[in-house]
Amino acid sequence: MWLEHLLSVFTFPGFLFIILIAFLYEWIDRKLYATFQNRVGPWVTGPSGFLQPIADFIKLLTKEDITPEGADTLIFQCVPVFALAVAFTCSLFLPVSGHKGLVSFEGDLIIAITLMTLLSIMFFYAGLSSPSRFSIVGAERSMLQLLSYEIPLMLSIASVAVSTGSLSIVGVVEAQKAGWLIIGPNILSFIIFLSAAQAELERIPFDVPEAETEIVAGWLTEFSGRKLALLRLTKDVELFYLSSLAATLFLGGPLGPIIPGFEWLLHPVYFTIKSLVALFSLSLFRSVFARLRVDEVVNFLWKYIIPLSVLQFLFVRVVV
Amino acid sequence: MSVSSSYERFFDIPIGPQHPALKEPLFLKLIVEGEHVVAADVDVSYTHRGIERAMQERNYVQNIYLAERICGICNVAHTLCYCQNVEGLYDVEIPSRALYIRVLVEELARIHSHLLWLGVAAHEIGFDTLFMYVWRDREIVMDLIEEVTGNRVTSAINTIGGVRRDVKPETCDKCLKAMDYIEERTKYYKRVCKTDPTIAARCVGVGILKPDEAVRLCAVGPTLRASNVKYDVRADDPYAVHDEVPFNVIVYDTNDSFGRILVRIDEIFESINMVRYCIKHMPSGPVRARLRLNPPVGEHLSRVEAPRGELVHYVKSNGSEKPERYKVRTPTFENLSALCEMLTSKGNYVVNIADVPVVFASIDPCLSCTSRVAILDSERGKIWIGSLEELKRLKR
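Because the structure is predicted, anything quoted here is derived from the model rather than measured.

Draft legend 1. A look at the overall build of chain B. What chain B contains, in helices and strands, is 14 helices and 11 strands. Computed over C-alpha atoms, the radius of gyration of chain B comes to 22 Å, within 12% of the 21 Å expected from 2.2 N^0.38 for 396 residues, which places it in the range of a compact globule. With the C-alpha coordinates of chain B rotated into their principal frame, the extents come out at 75 × 55 × 35 Å. Here the contacts in chain B between residues at least 6 apart in sequence split such that 68% fall between residues at least 24 apart.

Draft legend 2. Structural context of the overall build of chain A. Within chain A, the secondary structure is distributed over 12 helices and zero strands. Along chain A, from the amino end to the carboxyl end, the secondary structure elements read α-α-α-α-α-α-α-α-α-α-α-α. Relative to the compact-globule value of 20 Å for 320 residues, chain A shows a C-alpha radius of gyration of 19 Å, a close match. With respect to the three principal axes, the spread of C-alpha positions in chain A is 55 × 50 × 40 Å. Across the 320 residues of chain A, 57% fall into the buried class. Across chain A, the fraction of contacts at a sequence separation of at least 24, relative to all contacts at a separation of at least 6, is 78%. About 13,200 Å² of surface is accessible on chain A, with carbon and sulfur atoms providing 73% of the total. Averaging the coordinates of the 20 positive side-chain charges in chain A and doing the same for the 25 negative ones gives two points 5 Å apart.

Draft legend 3. Here's a closer look at the interface of chain B and chain A. On the chain A side, the residues contacting the 31 residues of chain B number 26 residues. Across the chain B to chain A interface the summed buried area is about 2,500 Å²; carbon plus sulfur atoms make up 56%. Applying the counting rule to chain B against chain A returns two salt bridges. Note that A:R133 is salt-bridged to B:D12, the shortest N-O span being 3.3 Å. Where chain B touches chain A, the interface holds nine residue pairs in polar contact (both at pLDDT 80 or more). Elements supplying a minimum of two residues to the side of chain B that touches chain A: strand 1 (11-15), helix 4 (96-124), helix 5 (128-149), helix 7 (197-203) and helix 13 (355-362) of chain B. By residue class, the composition of the side of chain B that touches chain A is 16 nonpolar, seven polar and eight charged.

Draft legend 4. Broad picture of the sheet that holds strand 9 (residues 351-352) of chain B. Residue and element names in this part refer to chain B. Read from one edge of the open sheet, four strands run 1-2-3-9, paired in antiparallel fashion. The open sheet has two edge strands, strand 1 and strand 9, and neither has a second partner. Sheet analysis places strand 3 (residues 36-43) next to strand 9, joined by two bridges and oriented antiparallel. If you follow H36 over to strand 9, its bridge partner there is N352.

Draft legend 5. Region of interest: the nonpolar core. The biggest cluster of nonpolar side chains holds 94 residues, and the ones touching the most others in it are B:L108, B:I111, B:L130 and B:I199. Broken down by element, this core gets its largest block of residues, 15 residues, from helix 4 of chain B. Those residues in contact with B:I199 that lie beyond four places of it in its chain are A:A290, B:I125, B:F127, B:L130, B:V192, B:C193, B:V204 and B:F258. In terms of nonpolar packing, the next biggest core, distinct from the first, is built from 85 residues, A:A22, A:I169, A:L228 and A:L301 among them.

Draft legend 6. Region of interest: helix 12 (residues 294-319) of chain A. Taking 1.5 Å per residue as the helical rise, helix 12 of chain A with its 26 residues ought to reach 38 Å, and the 36 Å between its terminal C-alpha atoms agrees with that figure. Where helix 12 of chain A bends most, at A:L301, the angle is about 30°. Along helix 12 of chain A, the residues that are buried comprise A:V294, A:E296, A:V297, A:V298, A:L301, A:I305, A:I306, A:S309, A:Q312 and A:V316. Next to the buried residues of helix 12 of chain A lie helix 6 (133-164) and helix 8 (187-200) of chain A together with helix 7 of chain B.

Draft legend 7. Broad picture of the sheet that holds strand 7 (residues 309-317) of chain B. All names here are of chain B. Pairing is antiparallel across the open sheet formed by three strands, whose spatial order is 6-7-8. Only two strands of the sheet have a single neighbouring strand rather than two, namely strand 6 (298-306) and strand 8 (323-329). Strand after strand, the sheet turns through a mean of 10° between neighbouring axes, direction not considered. Here strand 6 runs beside strand 7; their pairing, made up of nine bridges, is antiparallel. Each residue of the ladder has a partner; that of G298, found in strand 7, is S317.

Draft legend 8. Spatial organisation of unusual backbone geometry. Here A:I204 and A:P205 are connected by a cis peptide whose omega angle stands at 5°. Relative to the helices and strands, A:P205 resides in the loop between helix 8 and helix 9 (212-215). Residue B:A240 is not a glycine yet carries a positive backbone phi of 45°. For B:A240, a relative accessible area of 22% translates into the label partly exposed. At B:D364, a residue that is not glycine, the phi angle is positive and equals roughly 55°. Position of B:D364 among the secondary structure elements: in the loop between helix 13 and strand 10 (375-377). On the accessibility criterion, B:D364 (5% relative accessible area) is buried.

Draft legend 9. Representation of the packing of helix 5 (residues 108-129) of chain A against helix 10 (residues 225-250) of chain A within the structure. All names here are of chain A. Where helix 5 meets helix 10, the axes come as close as 12 Å, and the angle between the chain directions of the two elements is 150°. It follows from the interaxial angle that helix 5 and helix 10 lie roughly antiparallel. The way helix 5 lies across helix 10 gives a crossing that is left-handed. Together, L109, A112, I113, M116, L119 and F123 of helix 5 and L231, T234, K235, E238, Y241, L242, L245 and L249 of helix 10 make up the contact between the two elements. The class makeup of the residues in the contact of helix 5 with helix 10 is 11 nonpolar, one polar and two charged.

Draft legend 10. Quick peek at the pairing of strand 7 of chain B. All names here are of chain B. The element strand 7 is largely enclosed, with a buried count of seven among its nine residues. Taken together, strand 6 and the strand that follows it, strand 7, pair antiparallel across an intervening segment of two residues. Where strand 7 meets strand 8, six bridges bridge the pair, whose relative direction is antiparallel. Opposite Y314, over in strand 8, you have K327 as the bridge partner. Here strand 7 folds back onto strand 8, and the loop between the two strands holds five residues, one of which, G319, carries a positive phi near 90°.

Draft legend 11. Fine view of the packing of aromatic side chains. By the definition in use, this model includes 18 aromatic pairs over all chains. Ring geometry for A:W27 and A:F50: centres 5.5 Å apart, planes at 85°, overall edge-to-face. With a gap of 23 residues between them, A:W27 in helix 2 (residues 15-36) and A:F50 in the loop between helix 2 and helix 3 (52-62) connect regions that are remote in the sequence. The exposure class assigned to A:W27 is buried, which follows from its relative accessible area of 16%. A connected cluster of aromatic rings, assembled from ring pairs, spans A:F17, A:Y25 and A:F240. One cation-aromatic arrangement involves B:R264 over B:W117; the distance from NZ or CZ to the ring centre is 4.1 Å.

How each quantity is defined
Residues numbered from 1 in each chain as written. Chains lettered and ligands numbered in written order. Predicted model: local features only at pLDDT ≥ 70, side-chain atom pairs only at ≥ 80, totals over all residues. Heavy atoms only, no water. Helix = DSSP H or I, 4+ residues; strand = E, 2+ residues; numbered from the N terminus. Rg over C-alpha atoms; globule rule 2.2 N^0.38 Å. Contact = heavy atoms within 4.5 Å. Buried < 20%, exposed > 50% of the residue type's maximum accessible area, 1.4 Å probe, protein only. Areas by Shrake-Rupley, 256 points an atom, 1.4 Å probe, with all protein chains shown as cover. Lys, Arg positive; Asp, Glu negative; His and termini not counted. Charge placed at Lys NZ, Arg CZ, Asp CG, Glu CD. Buried area = accessible area lost by both parts, 1.4 Å probe. Salt bridge = Lys/Arg side-chain N within 4 Å of Asp/Glu carboxyl O. Polar contact = N/O pair within 3.5 Å; in protein donor to acceptor, adjacent residues only side chain to side chain. Nonpolar A, V, L, I, M, F, W, Y, C, P; charged D, E, K, R; others polar. Pairing = 2+ DSSP bridges. Core = buried A, V, L, I, M, F, W, Y, C linked by side-chain atoms within 4.5 Å. Expected span 1.5 Å × (residues − 1). Bend = angle between axes of the 7 residues up to and from the residue. Axes fitted to C-alpha atoms, helices over the stretch in contact; angles between N-to-C directions. Parallel < 35°, antiparallel > 145°, perpendicular 65-115°, else oblique. Left-handed = near helix turned anticlockwise from the far one by under 90°. Phe/Tyr/Trp six-rings, centres within 6.5 Å; stacked < 30°, edge-to-face > 60°. Lys NZ or Arg CZ within 6 Å of the ring centre and 35° of its normal.

Right, dumping it as structure tokens:
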């Protein structure tokens, strides 16, 4: 029993699965972004460039790993490892292969979103520990952004918890057997969740912390070699995690028409398809806007999204 | 400004000479306080190529090719300016068909340059989708330039006494067809730029340059015209056949980066109409007048409206096969002092770090064309052009 459990932690739906699907999601995201832009995207490595993210990862692992002079060495070296660990831990809560995630207990929804915040704080430390000015400006911006998108993100999840009457992911999934949450009063929460997720993932139009043309790569500037590889993997896992969380909370997660005896196959398939829908909206969102300025991001989120999410929360509270 | 606490309130952010935002070697030292730029300092001349000097070492025919390589994108404007200069020394009449072809290619190059710029500006504000779309359509103009001149980028069409090759009738048809397509696409981009909220958020009210400041700082080209100053060499001092080809000088009174986008987009429409006019009204006849190798003694100054603004070339001939002195003044150089003005916060006008790339891009900089050596001695208050020996001495 414990051996089987260990095996599932390391293979499916554990770490190996998460790493591979994170790379797959990066590839899909790049392909979609390229398609929207009239390009081909990754093309050379593997069929249709399918292996490109893995090739990038391996290449970065072999590159020289520099800790710049003047960096806070301990934090600088720990951040990539911790960030990846946090991202993996988050993903273990996802109900990929059944109604339950690998780790599941009452209140795991709260833990899952807390860890997500922790990830942003990791990125802040990554920038702060680097000696580069671009990193410091990037870290500053990432913290400012965190203060604005965190509230709508939490509130949209809170309205899910209220309408399902459960604080565990299993509870949320099982409550959706009667009907997915996106159908009903929670449709606005879904949109709010996706825009906040876009900000959390630091993608256009909210990619100010790593705005390429302004501050090089923001908090990521000084990282190279293995550390950069781990941080990029972290970003990929985060992308997988947030699109999957959107699918779990609003689109019914692994639920779908089940043929008895094939649950082991159908649950993961439904889950992946649904999270790909969320990924598609995230990619579309990314390709139709210009990058906002940091003050405009804060303005937009505080002026429109936060009041909207408060109203939405109250609305759900009254309706349910 | 006083520092109120023991913390460092201001710190400087170096942008360039190598930076993802700048494809060109320029050093911008920004003194920032949080996100706000308090002051900006510009340092140029990282790529001095000694072209003026090299031109004095070569004969007039070789110099056509050297002038072409001052700038890759405005190569047509540079050769046009150079050839007009040398022709000005001879006092000859250039065949009218050649002048029409010159304007045709010049305007095609302007469309290509403005589309390229629109893509770069979109990239600077993080709108990569627009960037990719615009550059895809720019390829059509590049193909046309290749069709007309035989070369995709450095077109090598202008030569002393006319143009190097004639335009075929079927090429003209192709041109007209492509112009319809480009016009339709540019209308679409104009609509995108005018309606997209994120473009407006990033460009409106950013990089303000008031009309009086623009004139005082000698801004040129679209930068000047976006500050509501109606000045265009093609209209004010017509060269080639610009006095025959009708067009409107586009001005906007927004004084900001957004106005510069709109000026350039509208200029694409004007250029499209000029290309059409040139094709329809092109007279027949020879395309080149043969001239003696050595021009007579004299000097000449010629001005051309390059895509980036007014371009000035000056030549002095002593009757030999090489120019005695050649001087180039590129539009970017004139716009740099205006750039410093745009990047300085004062009063209610605040520049953010995020605004710097788009403000910088809004002057359509081309710095490698700009580098000239002038030695400034601040103690004696003297500026002079240094000789090679002096430079070598300074370097040590």
